[in-house]
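Observations on chain architecture
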Amino acid sequence: MINKKVDNVQVALEGVENGMTIMLGGFGLCGIPENSIAELVKKETTGLTCISNNAGVDDFGLGLLLQKRQIKKMISSYVGENAEFERQMLSGELDVELIPQGTLAERCRAAQAGIPAFFTPAGYGTEVAEGKEAREFNGKMHVMELAFKADFAIVKAWKGDTAGNLIFKGTARNFNPCMSGAAKITVAEVEELVEAGTLDPNQIHIPGIFIQRIFQGEKYEKRIEQRTVRIR
Amino acid sequence: MALDKIGIAKRIAQELKDRYFVNLGIGIPTLVANYIPTGIDVEFQSENGVLGMGPFPFEGEEDADIINAGKQTITTLPGASFFDSALSFGMIRGQHVDLTILGAMEVSENGDIANWKIPGKMVKGMGGAMDLVASAENIIVAMMHVNKAGQSKILKKCSLPLTGVACVKKVVTELAVLEVTSKGFKLLERAPGVTVEHIIASTEAALIIEGEIPEMLID
(Lines give C-alpha, C1' and ligand atoms only; values in the text may rest on other atoms or scores of the structure.)
Protein backbone atom coordinates (compact mmCIF):
# COMPACT_ATOMS: atom_id res chain seq x y z
CA MET A 1 0.00 0.00 0.00
CA ILE A 2 1.31 3.43 -0.87
CA ASN A 3 0.54 5.73 2.02
CA LYS A 4 -0.95 9.12 1.06
CA LYS A 5 -1.75 10.29 4.56
CA VAL A 6 -0.34 13.60 5.71
CA ASP A 7 -0.61 14.87 9.27
CA ASN A 8 -2.53 18.07 8.73
CA VAL A 9 -3.76 20.68 6.29
CA GLN A 10 -0.49 22.64 6.48
CA VAL A 11 1.48 19.68 5.13
CA ALA A 12 -1.25 18.91 2.62
CA LEU A 13 -0.97 22.36 1.06
CA GLU A 14 2.83 22.58 1.01
CA GLY A 15 3.96 23.88 -2.35
CA VAL A 16 0.90 26.01 -3.03
CA GLU A 17 2.38 29.28 -4.21
CA ASN A 18 1.27 32.72 -5.35
CA GLY A 19 -0.03 32.81 -8.90
CA MET A 20 -0.93 29.12 -9.11
CA THR A 21 -4.04 27.62 -10.69
CA ILE A 22 -6.11 25.61 -8.23
CA MET A 23 -9.21 23.46 -8.79
CA LEU A 24 -11.61 23.29 -5.87
CA GLY A 25 -14.52 20.86 -5.63
CA GLY A 26 -18.03 21.74 -4.49
CA PHE A 27 -21.39 22.93 -5.76
CA GLY A 28 -22.46 26.07 -3.95
CA LEU A 29 -21.35 25.37 -0.39
CA CYS A 30 -22.04 21.64 -0.73
CA GLY A 31 -18.95 19.42 -0.72
CA ILE A 32 -16.37 22.21 -0.54
CA PRO A 33 -12.91 21.63 1.01
CA GLU A 34 -13.60 23.85 4.03
CA ASN A 35 -10.38 23.14 5.91
CA SER A 36 -8.15 23.75 2.89
CA ILE A 37 -9.88 27.03 2.08
CA ALA A 38 -9.35 28.17 5.69
CA GLU A 39 -5.68 27.24 5.40
CA LEU A 40 -5.28 29.15 2.09
CA VAL A 41 -6.67 32.22 3.89
CA LYS A 42 -4.06 31.72 6.67
CA LYS A 43 -1.25 31.16 4.16
CA GLU A 44 -2.17 34.46 2.46
CA THR A 45 -1.43 32.93 -0.93
CA THR A 46 -2.35 35.50 -3.58
CA GLY A 47 -2.80 35.86 -7.33
CA LEU A 48 -4.68 32.57 -7.50
CA THR A 49 -6.66 31.35 -10.47
CA CYS A 50 -9.48 29.24 -9.04
CA ILE A 51 -11.43 26.70 -11.07
CA SER A 52 -14.61 26.04 -9.13
CA ASN A 53 -18.26 25.80 -10.17
CA ASN A 54 -19.22 28.65 -7.82
CA ALA A 55 -17.47 31.33 -5.80
CA GLY A 56 -19.00 30.76 -2.37
CA VAL A 57 -20.95 33.37 -0.44
CA ASP A 58 -19.61 36.56 1.13
CA ASP A 59 -18.44 34.98 4.37
CA PHE A 60 -17.95 31.31 3.50
CA GLY A 61 -16.36 29.06 0.90
CA LEU A 62 -14.26 30.85 -1.72
CA GLY A 63 -15.85 34.11 -0.53
CA LEU A 64 -13.27 34.00 2.27
CA LEU A 65 -10.42 34.12 -0.27
CA LEU A 66 -12.19 36.86 -2.23
CA GLN A 67 -12.50 39.01 0.89
CA LYS A 68 -8.71 38.93 1.25
CA ARG A 69 -8.17 39.62 -2.47
CA GLN A 70 -6.32 36.34 -2.87
CA ILE A 71 -8.05 35.40 -6.12
CA LYS A 72 -6.95 36.99 -9.40
CA LYS A 73 -9.23 34.98 -11.66
CA MET A 74 -12.31 32.78 -11.22
CA ILE A 75 -13.30 30.12 -13.73
CA SER A 76 -16.88 29.12 -12.88
CA SER A 77 -20.32 28.42 -14.32
CA TYR A 78 -22.37 30.46 -11.86
CA VAL A 79 -21.29 33.16 -9.44
CA GLY A 80 -24.44 34.67 -7.91
CA GLU A 81 -25.01 35.02 -4.18
CA ASN A 82 -21.83 36.93 -3.45
CA ALA A 83 -21.82 40.74 -3.14
CA GLU A 84 -18.04 41.08 -2.70
CA PHE A 85 -17.51 38.98 -5.82
CA GLU A 86 -19.84 41.29 -7.73
CA ARG A 87 -18.02 44.38 -6.49
CA GLN A 88 -14.58 43.04 -7.49
CA MET A 89 -15.86 41.84 -10.85
CA LEU A 90 -17.51 45.16 -11.74
CA SER A 91 -14.46 47.18 -10.59
CA GLY A 92 -12.18 45.03 -12.74
CA GLU A 93 -10.11 43.75 -9.78
CA LEU A 94 -11.22 40.21 -10.49
CA ASP A 95 -11.04 38.45 -13.83
CA VAL A 96 -13.98 36.09 -14.42
CA GLU A 97 -14.39 33.39 -17.03
CA LEU A 98 -17.86 31.91 -17.16
CA ILE A 99 -18.24 28.56 -18.87
CA PRO A 100 -21.13 26.09 -19.18
CA GLN A 101 -21.33 23.75 -16.20
CA GLY A 102 -21.10 20.54 -18.22
CA THR A 103 -18.11 21.92 -20.09
CA LEU A 104 -16.48 22.83 -16.78
CA ALA A 105 -16.99 19.28 -15.49
CA GLU A 106 -15.75 17.70 -18.71
CA ARG A 107 -12.66 19.93 -18.89
CA CYS A 108 -11.77 18.60 -15.43
CA ARG A 109 -12.52 15.01 -16.42
CA ALA A 110 -10.50 15.42 -19.63
CA ALA A 111 -7.50 16.63 -17.61
CA GLN A 112 -7.92 13.65 -15.28
CA ALA A 113 -8.24 11.19 -18.16
CA GLY A 114 -5.46 12.49 -20.43
CA ILE A 115 -7.76 13.80 -23.14
CA PRO A 116 -6.37 17.14 -24.39
CA ALA A 117 -9.59 18.38 -26.00
CA PHE A 118 -13.14 17.35 -26.83
CA PHE A 119 -16.17 18.57 -28.77
CA THR A 120 -19.43 19.53 -27.05
CA PRO A 121 -22.66 21.03 -28.42
CA ALA A 122 -22.90 23.31 -25.35
CA GLY A 123 -22.49 26.97 -26.19
CA TYR A 124 -22.47 26.61 -29.98
CA GLY A 125 -23.85 29.81 -31.53
CA THR A 126 -23.31 31.77 -28.31
CA GLU A 127 -20.53 34.05 -27.12
CA VAL A 128 -18.77 31.22 -25.25
CA ALA A 129 -17.98 29.62 -28.62
CA GLU A 130 -16.30 32.75 -30.00
CA GLY A 131 -12.75 32.07 -31.19
CA LYS A 132 -13.11 28.32 -30.72
CA GLU A 133 -12.98 25.65 -33.40
CA ALA A 134 -16.44 24.42 -34.35
CA ARG A 135 -17.15 21.19 -36.19
CA GLU A 136 -20.19 19.27 -37.35
CA PHE A 137 -20.76 15.72 -36.11
CA ASN A 138 -23.90 13.76 -37.02
CA GLY A 139 -25.55 16.86 -38.44
CA LYS A 140 -25.04 18.94 -35.31
CA MET A 141 -22.50 21.67 -34.57
CA HIS A 142 -20.04 21.27 -31.71
CA VAL A 143 -17.40 23.46 -30.08
CA MET A 144 -13.87 22.33 -29.23
CA GLU A 145 -12.98 22.72 -25.57
CA LEU A 146 -9.60 22.07 -23.91
CA ALA A 147 -8.68 20.10 -20.81
CA PHE A 148 -7.81 22.29 -17.85
CA LYS A 149 -4.24 22.64 -16.66
CA ALA A 150 -3.94 23.17 -12.92
CA ASP A 151 -1.19 23.02 -10.30
CA PHE A 152 -3.35 21.72 -7.47
CA ALA A 153 -6.76 20.10 -7.20
CA ILE A 154 -8.32 20.25 -3.75
CA VAL A 155 -11.26 17.90 -3.24
CA LYS A 156 -13.48 16.97 -0.33
CA ALA A 157 -14.88 13.51 0.37
CA TRP A 158 -16.96 11.91 3.11
CA LYS A 159 -14.67 8.99 3.88
CA GLY A 160 -11.16 8.18 2.77
CA ASP A 161 -8.41 5.75 3.61
CA THR A 162 -4.66 6.07 3.93
CA ALA A 163 -4.27 4.72 0.37
CA GLY A 164 -6.19 7.78 -0.87
CA ASN A 165 -9.37 5.93 -1.81
CA LEU A 166 -12.45 8.16 -1.55
CA ILE A 167 -16.17 7.76 -0.89
CA PHE A 168 -18.52 10.71 -1.30
CA LYS A 169 -21.92 11.38 0.23
CA GLY A 170 -25.05 12.68 -1.47
CA THR A 171 -24.73 15.64 -3.81
CA ALA A 172 -21.51 16.65 -2.00
CA ARG A 173 -19.93 14.45 -4.68
CA ASN A 174 -20.47 16.92 -7.57
CA PHE A 175 -17.15 18.14 -9.06
CA ASN A 176 -14.89 16.39 -6.53
CA PRO A 177 -14.46 13.10 -8.44
CA CYS A 178 -13.89 14.93 -11.77
CA MET A 179 -11.14 17.07 -10.22
CA SER A 180 -9.37 14.15 -8.53
CA GLY A 181 -6.18 13.62 -10.51
CA ALA A 182 -6.93 16.54 -12.83
CA ALA A 183 -3.99 18.63 -11.57
CA LYS A 184 -0.29 18.03 -10.92
CA ILE A 185 -1.06 17.37 -7.25
CA THR A 186 -4.45 16.39 -5.81
CA VAL A 187 -5.15 16.95 -2.14
CA ALA A 188 -8.16 15.25 -0.57
CA GLU A 189 -9.66 16.31 2.73
CA VAL A 190 -12.14 13.91 4.30
CA GLU A 191 -14.53 13.90 7.22
CA GLU A 192 -13.30 10.49 8.32
CA LEU A 193 -9.91 9.01 7.49
CA VAL A 194 -9.46 5.28 8.11
CA GLU A 195 -6.68 2.74 7.64
CA ALA A 196 -6.33 1.15 4.23
CA GLY A 197 -8.27 -2.11 4.16
CA THR A 198 -11.15 -0.75 6.21
CA LEU A 199 -13.27 0.47 3.29
CA ASP A 200 -14.94 -2.04 0.97
CA PRO A 201 -13.10 -1.87 -2.41
CA ASN A 202 -16.50 -2.36 -4.10
CA GLN A 203 -17.75 0.91 -2.64
CA ILE A 204 -14.82 3.18 -3.59
CA HIS A 205 -15.86 6.11 -5.81
CA ILE A 206 -12.35 7.41 -6.58
CA PRO A 207 -9.31 5.11 -6.44
CA GLY A 208 -6.31 6.33 -4.47
CA ILE A 209 -4.10 6.54 -7.57
CA PHE A 210 -5.65 9.96 -8.32
CA ILE A 211 -4.83 11.33 -4.85
CA GLN A 212 -1.34 12.39 -3.71
CA ARG A 213 -2.16 13.69 -0.20
CA ILE A 214 -5.05 12.93 2.13
CA PHE A 215 -5.93 14.26 5.58
CA GLN A 216 -8.88 14.35 7.93
CA GLY A 217 -10.39 17.82 8.24
CA GLU A 218 -10.44 19.23 11.74
CA LYS A 219 -14.08 20.27 11.58
CA TYR A 220 -16.88 20.73 9.07
CA GLU A 221 -19.44 23.48 9.35
CA LYS A 222 -21.37 22.32 6.23
CA ARG A 223 -23.35 25.50 5.89
CA ILE A 224 -26.69 25.28 4.05
CA GLU A 225 -27.19 27.94 1.40
CA GLN A 226 -30.96 27.61 0.86
CA ARG A 227 -32.67 25.89 3.74
CA THR A 228 -35.99 24.73 2.29
CA VAL A 229 -38.42 22.60 4.25
CA ARG A 230 -42.02 21.45 4.03
CA ILE A 231 -44.68 21.56 6.73
CA ARG A 232 -45.35 18.29 8.54
CA MET B 1 -57.48 35.88 -17.35
CA ALA B 2 -53.73 35.50 -17.59
CA LEU B 3 -52.26 32.60 -15.63
CA ASP B 4 -50.15 33.01 -12.52
CA LYS B 5 -46.90 31.09 -12.03
CA ILE B 6 -48.74 28.11 -10.57
CA GLY B 7 -51.06 28.04 -13.57
CA ILE B 8 -48.07 27.96 -15.93
CA ALA B 9 -46.53 25.13 -13.88
CA LYS B 10 -49.81 23.18 -13.95
CA ARG B 11 -50.09 23.50 -17.72
CA ILE B 12 -46.48 22.41 -18.27
CA ALA B 13 -47.03 19.43 -15.95
CA GLN B 14 -49.51 18.14 -18.54
CA GLU B 15 -46.54 17.70 -20.90
CA LEU B 16 -44.99 15.08 -18.60
CA LYS B 17 -45.27 11.56 -19.97
CA ASP B 18 -44.98 8.18 -18.31
CA ARG B 19 -41.35 7.03 -17.82
CA TYR B 20 -39.86 10.46 -18.56
CA PHE B 21 -36.62 11.61 -16.97
CA VAL B 22 -36.96 15.36 -16.48
CA ASN B 23 -34.61 18.21 -15.60
CA LEU B 24 -36.31 21.22 -14.02
CA GLY B 25 -34.73 24.67 -14.01
CA ILE B 26 -34.97 27.21 -11.21
CA GLY B 27 -38.18 29.24 -10.72
CA ILE B 28 -41.51 28.26 -12.31
CA PRO B 29 -40.07 24.95 -13.64
CA THR B 30 -39.36 23.79 -10.07
CA LEU B 31 -43.10 24.13 -9.32
CA VAL B 32 -43.96 21.62 -12.07
CA ALA B 33 -42.93 18.77 -9.73
CA ASN B 34 -45.97 19.57 -7.57
CA TYR B 35 -48.47 18.81 -10.36
CA ILE B 36 -47.40 15.49 -11.88
CA PRO B 37 -50.45 13.91 -13.60
CA THR B 38 -51.77 10.91 -11.69
CA GLY B 39 -50.97 7.44 -12.97
CA ILE B 40 -47.58 8.21 -14.51
CA ASP B 41 -44.04 7.63 -13.29
CA VAL B 42 -41.43 10.32 -13.84
CA GLU B 43 -38.02 10.91 -12.27
CA PHE B 44 -36.46 14.29 -11.75
CA GLN B 45 -32.76 14.85 -12.42
CA SER B 46 -30.83 17.73 -10.93
CA GLU B 47 -27.57 18.55 -12.68
CA ASN B 48 -25.57 18.82 -9.46
CA GLY B 49 -25.76 15.04 -9.32
CA VAL B 50 -29.02 13.43 -8.27
CA LEU B 51 -31.69 11.41 -10.03
CA GLY B 52 -34.92 10.61 -8.23
CA MET B 53 -35.36 13.90 -6.40
CA GLY B 54 -38.15 14.04 -3.85
CA PRO B 55 -39.87 16.90 -2.01
CA PHE B 56 -38.25 19.32 0.41
CA PRO B 57 -37.34 17.71 3.76
CA PHE B 58 -39.40 18.15 6.91
CA GLU B 59 -37.97 20.73 9.28
CA GLY B 60 -35.12 19.22 11.26
CA GLU B 61 -34.39 16.62 8.58
CA GLU B 62 -32.39 18.86 6.23
CA ASP B 63 -29.05 17.42 5.12
CA ALA B 64 -26.39 19.89 3.94
CA ASP B 65 -25.03 17.14 1.67
CA ILE B 66 -28.31 16.68 -0.24
CA ILE B 67 -29.31 19.69 -2.31
CA ASN B 68 -30.68 20.48 -5.78
CA ALA B 69 -29.15 22.73 -8.45
CA GLY B 70 -30.86 25.72 -6.82
CA LYS B 71 -28.84 24.86 -3.68
CA GLN B 72 -32.08 24.07 -1.82
CA THR B 73 -32.20 21.19 0.64
CA ILE B 74 -34.12 18.25 -0.84
CA THR B 75 -34.93 14.59 -0.21
CA THR B 76 -34.62 11.57 -2.47
CA LEU B 77 -37.21 8.96 -3.41
CA PRO B 78 -36.81 5.16 -3.51
CA GLY B 79 -34.62 4.27 -6.50
CA ALA B 80 -32.67 7.54 -6.35
CA SER B 81 -28.96 7.79 -7.16
CA PHE B 82 -26.12 10.26 -6.73
CA PHE B 83 -23.31 10.84 -9.23
CA ASP B 84 -20.60 13.31 -10.14
CA SER B 85 -20.97 16.38 -12.34
CA ALA B 86 -19.29 14.87 -15.41
CA LEU B 87 -21.62 11.86 -15.35
CA SER B 88 -24.58 14.17 -14.72
CA PHE B 89 -23.86 16.15 -17.86
CA GLY B 90 -23.18 12.90 -19.65
CA MET B 91 -26.83 12.04 -18.95
CA ILE B 92 -27.84 15.42 -20.32
CA ARG B 93 -25.58 15.60 -23.40
CA GLY B 94 -26.16 11.93 -24.12
CA GLN B 95 -29.91 12.65 -24.31
CA HIS B 96 -30.79 10.18 -21.57
CA VAL B 97 -32.84 12.95 -19.98
CA ASP B 98 -36.09 13.16 -21.96
CA LEU B 99 -37.32 16.64 -21.15
CA THR B 100 -35.81 19.91 -19.99
CA ILE B 101 -38.05 22.62 -18.58
CA LEU B 102 -36.45 26.00 -18.00
CA GLY B 103 -37.12 29.71 -17.77
CA ALA B 104 -36.16 32.35 -20.34
CA MET B 105 -35.85 36.09 -20.78
CA GLU B 106 -36.44 35.87 -24.53
CA VAL B 107 -37.34 33.21 -27.09
CA SER B 108 -37.28 33.69 -30.85
CA GLU B 109 -39.37 32.14 -33.61
CA ASN B 110 -36.58 29.79 -34.74
CA GLY B 111 -36.26 28.40 -31.20
CA ASP B 112 -33.29 30.46 -29.98
CA ILE B 113 -33.30 31.13 -26.24
CA ALA B 114 -31.69 33.88 -24.14
CA ASN B 115 -31.73 33.43 -20.39
CA TRP B 116 -28.33 34.08 -18.87
CA LYS B 117 -27.04 37.56 -19.51
CA ILE B 118 -28.24 41.15 -19.71
CA PRO B 119 -25.47 43.43 -21.02
CA GLY B 120 -24.59 46.13 -18.49
CA LYS B 121 -25.96 44.13 -15.56
CA MET B 122 -24.12 41.79 -13.21
CA VAL B 123 -23.71 38.48 -15.00
CA LYS B 124 -24.15 35.52 -12.71
CA GLY B 125 -23.39 32.84 -15.25
CA MET B 126 -25.13 30.24 -17.34
CA GLY B 127 -24.78 27.37 -14.88
CA GLY B 128 -25.91 24.25 -16.72
CA ALA B 129 -28.36 25.99 -19.05
CA MET B 130 -26.13 25.98 -22.15
CA ASP B 131 -25.43 22.25 -21.82
CA LEU B 132 -29.12 21.53 -21.25
CA VAL B 133 -30.46 23.50 -24.21
CA ALA B 134 -27.74 22.30 -26.57
CA SER B 135 -28.50 18.68 -25.81
CA ALA B 136 -32.08 17.96 -24.80
CA GLU B 137 -34.37 16.64 -27.51
CA ASN B 138 -37.41 18.20 -25.92
CA ILE B 139 -37.17 21.65 -24.37
CA ILE B 140 -40.15 23.48 -22.90
CA VAL B 141 -39.75 27.07 -21.78
CA ALA B 142 -41.76 28.55 -18.92
CA MET B 143 -41.77 32.32 -19.14
CA MET B 144 -43.77 35.52 -18.98
CA HIS B 145 -45.09 36.63 -22.38
CA VAL B 146 -44.31 40.31 -21.81
CA ASN B 147 -41.85 42.13 -19.54
CA LYS B 148 -42.80 44.58 -16.79
CA ALA B 149 -42.83 47.41 -19.34
CA GLY B 150 -45.36 45.47 -21.41
CA GLN B 151 -42.92 44.58 -24.19
CA SER B 152 -43.09 41.16 -25.81
CA LYS B 153 -40.46 38.57 -24.94
CA ILE B 154 -41.66 36.28 -27.74
CA LEU B 155 -39.60 37.69 -30.59
CA LYS B 156 -38.62 37.40 -34.24
CA LYS B 157 -35.01 37.52 -33.08
CA CYS B 158 -33.56 37.57 -29.57
CA SER B 159 -31.89 40.84 -28.58
CA LEU B 160 -30.01 39.43 -25.57
CA PRO B 161 -26.91 37.18 -25.73
CA LEU B 162 -28.04 33.66 -26.58
CA THR B 163 -27.96 30.59 -24.39
CA GLY B 164 -28.66 28.23 -27.27
CA VAL B 165 -29.74 28.24 -30.90
CA ALA B 166 -32.78 26.62 -32.53
CA CYS B 167 -33.50 24.40 -29.56
CA VAL B 168 -36.81 25.37 -27.92
CA LYS B 169 -39.77 23.14 -28.85
CA LYS B 170 -42.60 24.66 -26.85
CA VAL B 171 -43.27 27.80 -24.81
CA VAL B 172 -45.86 28.14 -22.05
CA THR B 173 -46.59 31.69 -20.85
CA GLU B 174 -49.26 33.35 -18.74
CA LEU B 175 -51.19 33.91 -21.99
CA ALA B 176 -50.58 31.01 -24.34
CA VAL B 177 -49.02 27.71 -25.34
CA LEU B 178 -46.82 28.11 -28.42
CA GLU B 179 -45.09 25.46 -30.47
CA VAL B 180 -41.88 26.30 -32.32
CA THR B 181 -42.27 25.00 -35.88
CA SER B 182 -40.01 25.30 -38.91
CA LYS B 183 -42.26 28.20 -39.99
CA GLY B 184 -42.27 29.98 -36.64
CA PHE B 185 -44.49 30.08 -33.56
CA LYS B 186 -47.78 28.22 -33.80
CA LEU B 187 -50.48 29.18 -31.31
CA LEU B 188 -51.78 25.97 -29.73
CA GLU B 189 -53.80 27.13 -26.74
CA ARG B 190 -54.80 30.32 -24.95
CA ALA B 191 -55.12 30.96 -21.22
CA PRO B 192 -58.71 30.84 -19.92
CA GLY B 193 -60.53 34.02 -20.94
CA VAL B 194 -57.59 35.42 -22.92
CA THR B 195 -58.47 36.29 -26.52
CA VAL B 196 -56.43 35.43 -29.60
CA GLU B 197 -56.32 39.17 -30.37
CA HIS B 198 -54.75 39.86 -26.96
CA ILE B 199 -52.10 37.20 -27.61
CA ILE B 200 -51.33 38.60 -31.07
CA ALA B 201 -51.02 42.09 -29.60
CA SER B 202 -48.64 40.78 -26.91
CA THR B 203 -46.39 38.92 -29.35
CA GLU B 204 -43.72 40.58 -31.47
CA ALA B 205 -43.14 37.47 -33.58
CA ALA B 206 -45.71 36.38 -36.15
CA LEU B 207 -48.10 33.65 -35.00
CA ILE B 208 -49.42 30.77 -37.05
CA ILE B 209 -53.10 30.47 -36.15
CA GLU B 210 -55.13 27.62 -37.57
CA GLY B 211 -58.86 27.37 -36.84
CA GLU B 212 -60.35 27.76 -33.39
CA ILE B 213 -57.72 28.07 -30.63
CA PRO B 214 -58.83 26.11 -27.56
CA GLU B 215 -58.49 27.30 -23.97
CA MET B 216 -55.96 25.57 -21.74
CA LEU B 217 -57.58 23.09 -19.39
CA ILE B 218 -56.26 23.76 -15.90
CA ASP B 219 -57.81 22.59 -12.65
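Residues numbered from 1 in each chain as written. Chains lettered and ligands numbered in written order. Predicted model: local features only at pLDDT ≥ 70, side-chain atom pairs only at ≥ 80, totals over all residues. Heavy atoms only, no water.

**Re the layout of surface pockets**
Residue and element names in this part refer to chain A. To be explicit about the condition: Any residue with an atom within 4 Å of a point lines the site, the site being either a cavity, points on a 1 Å grid over the protein atoms alone where a 1.4 Å probe fits but cannot get out, or a pocket, an open set with protein on both sides within 12 Å along at least 5 of 7 lines. Grid points are joined across faces, edges and corners, and a volume is the space filled by probe spheres set on the points. A run of H or I in DSSP becomes a helix once it reaches four residues, and a run of E becomes a strand once it reaches two; helices and strands are each numbered from the N terminus. Residue polarity follows a fixed list, in which Ala, Val, Leu, Ile, Met, Phe, Trp, Tyr, Cys and Pro are nonpolar, Asp, Glu, Lys and Arg are charged, and the others, Gly among them, are polar.
Computed from the structure, the second largest pocket encloses a volume of approximately 370 Å³. If you trace the second largest pocket, you find 20 residues lining it, with Glu34, Asn35, Ala38, Glu218 and Lys219 closest to the centre. When residues in the lining of the second largest pocket are grouped by element, the largest group, six residues, is from helix H2 (residues 34–43). For the lining of the second largest pocket, the residue count by class is seven nonpolar, six polar and seven charged.

**Structural notes on the side chain of Asn115 of chain B**
All names here are of chain B. Applied cut-off: The definition of a polar contact used here is a pair of N or O atoms within 3.5 Å, where within protein one atom must be able to donate a hydrogen and the other to accept one, and adjacent residues in sequence count solely through side-chain atom pairs. Contact criterion: two residues are considered in contact whenever any of their non-hydrogen atoms come within 4.5 Å of each other.
Among the secondary structure elements, Asn115 is positioned in the loop between strand E7 (113–114) and helix H4 (129–135). Reaching out from Asn115, the side chain makes a polar contact with the side chain of Thr163 at a distance of 2.7 Å. Setting aside its immediate chain neighbours within four residues, Asn115 contacts Leu102, Gly103, Ala104, Met105, Ala129 and Thr163.

**Focus on unusual backbone geometry**
Residues apart from glycine generally show negative phi values, whereas peptide bonds are mostly found in trans. Our working rule: The buried label applies to any residue whose accessible area, calculated with a 1.4 Å probe on protein chains only, is under 20% of its type's maximum; exposed applies above 50%, and partly exposed to all values in between.
Positive phi, close to 30°, is recorded for Asn174 of chain A, a residue that is not glycine. Within the element layout of this structure, Asn174 of chain A appears in the loop between strand E9 (166–167) and helix H6 (176–179). A relative accessible area of 0% places Asn174 of chain A in the buried class. With a phi angle near 70°, Arg19 of chain B is a residue other than glycine that sits in the positive phi range. Within the secondary structure layout, Arg19 of chain B lies in the loop between helix H1 (5–13) and strand E1 (20–24). The class for Arg19 of chain B is exposed, based on a relative accessible area of 68%.

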